[in-house]
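The primary structure of each chain is shown beneath.
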Amino acid sequence: MNFITKLSAAWTANNSLLCVGLDPDLAKLPAELRDLPDGITTFCTRIIDATADLACAFKPQIAYFGALGAEKQLEDICRYVRENYPHIPLILDAKRGDIGATATQYAREAFERYGADAVTVNPYMGEDSLDPYLAWADRGVIILCRTSNPGGSDLQFLDTDGVPLYQRVARLVADKWNKNGQCALVVGATFPEELAQVRAIVGDMPLLVPGIGAQGGDIAATVGAGQTANGMGMMISSSRAIIYATPQAGEDFADAARRVAIETRDAINAHRSV
Ligand SMILES: O=c1ccn([C@@H]2O[C@H](COP(=O)(O)O)[C@@H](O)[C@H]2O)c(=O)[nH]1
């Protein structure tokens with residue numbers, strides 16, 4: 001099953017547009033896991049088990065693993081998702097961008113080593129830098145368009161013949177690069193007006209939308225701007241607010257993550273049109 005088909009099935013099966021981000025930071029892990037050799041794996045797999053019926057995707061961010069030399073644990077976590085929740089898409093958030101020969105290796109890293117269904121990439125180096133990912137026709141290629149950080153405006157808002165650069169990226173992807181129907185775009189929840197602009201350009205193309213939760217994006221505005229006519233179309237991603245939710249009395253970290261994931265999924269669903 002290709003990425004887009006798998007994503008559509010997960011939206012429906014779990015009635016959810018929530019993507020659970022996995023950004024393990026040793027300093028924030030429960031004390032009992034911090035010093036274990038596989039503590040990150042235990043932390044992430046417990047979050048995965050606690051939220052798998054609430055999520056349309058899981059999104060590990062590769063930097064959090066690379067910084068700790070924990071690539072082996074990332075491999076284990078990716079395998080865990082594939083084996084236990086094969087119906088939930090696995091998105092490797094890597095934001096790669098390089099010349100074709102090097103991109104070929106990055107694509108193998110994402111799709112062979114980690115077995116991801118989709119990977120995030122940076123379009124700044126142009127079409128030939130994305131071709132090695134696009135050649136994996138059954139996998140998703142999720143291209144940065146209007147990122148959630150304030151500094152994204154430095155380049156993404158640049159006027160290119162009357163069109164802001166992020167809109168030009170959206171149009172390029174929709175009209176030219178999405179030959180295999182495998183592309184999606186990253187658009188931050190912190191910019192709902194731009195989210196609406198991108199939705200108008202790309203039709204029903206899926207959007208990965210980080211920026212709710214810890215970054216403060218407004219869920220109602222996000223859903224209103226980014227959903228498709230059938231109330232789908234988005235992977236609305238939250239990492240820290242879910243995985244580091246503060247436990248209430250009697251809860252452990254995974255129970256707290258589940259509680260916040262339910263609240264977030266329900267808040268999203270409350271604003272979907274169908
Ligand atoms: O524009 C972007 C693109 C990617 N991200 C990534 O999403 C998560 C957000 O984490 P939160 O804890 O929910 O803020 C993180 O992995 C980023 O690298 C983004 O934030 N904005």
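None of the values given here were measured: they were computed from a predicted structure.

1. Here's the deal with the overall build of the chain
Counting its regular elements, the chain contains 13 helices and 10 strands. For 274 residues, the compact-globule estimate of 2.2 N^0.38 gives 19 Å, and the C-alpha radius of gyration of the chain, at 18 Å, lies within 12% of that figure. In terms of overall dimensions, the chain has a C-alpha envelope of 55 × 45 × 35 Å along the principal axes. Put simply, the chain shows about 11,200 Å² of open surface, and 51% of that area lies on carbon and sulfur atoms. Across the chain, 24 positive and 33 negative side-chain charges occur, with their mean positions spaced 2 Å apart.

2. As for the UniProt feature "active site" (unreviewed entry) in the chain
Here, UniProt's "active site" (unreviewed entry) annotation points to Lys95. Relative to the assigned elements, Lys95 resides in strand S3 (residues 91-96). Given the relative accessible area of 37%, Lys95 is considered partly exposed. Only 2.8 Å separates the side chain of Lys95 from the side chain of Asp93, close enough to count as a polar contact.

3. Section: the site of the ligand
Neighbouring the ligand are 14 residues, the closest being Asp23, Ser148, Gln215, Ser239 and Arg240. Separating an oxygen atom of the ligand from a side-chain N or O atom of Lys95 is a distance of 3.4 Å. At 2.8 Å from an oxygen atom of the ligand is found a side-chain nitrogen or oxygen belonging to Gln215. Its free accessible area being 470 Å², the ligand has 89% of it covered by the protein chains. In terms of residue class, the shell around the ligand is made up of three nonpolar, six polar and five charged.

4. Side note on the pattern of salt bridges
Within the structure shown, the criterion is met by 16 salt bridges. Linked by salt bridges that have partners in common, Lys59, Asp93 and Lys95 make up one network.

Definitions and limits used
- Residues numbered from 1 in each chain as written.
- Predicted model: local features only at pLDDT ≥ 70, side-chain atom pairs only at ≥ 80, totals over all residues.
- Heavy atoms only, no water.
- Helix = DSSP H or I, 4+ residues; strand = E, 2+ residues; numbered from the N terminus.
- Rg over C-alpha atoms; globule rule 2.2 N^0.38 Å.
- Areas by Shrake-Rupley, 256 points an atom, 1.4 Å probe, with all protein chains shown as cover.
- Lys, Arg positive; Asp, Glu negative; His and termini not counted.
- Charge placed at Lys NZ, Arg CZ, Asp CG, Glu CD.
- UniProt positions renumbered as here; feature names shortened; annotations may be inferred.
- Buried < 20%, exposed > 50% of the residue type's maximum accessible area, 1.4 Å probe, protein only.
- Polar contact = N/O pair within 3.5 Å; in protein donor to acceptor, adjacent residues only side chain to side chain.
- Near = heavy atom within 4 Å.
- Nonpolar A, V, L, I, M, F, W, Y, C, P; charged D, E, K, R; others polar.
- Salt bridge = Lys/Arg side-chain N within 4 Å of Asp/Glu carboxyl O.

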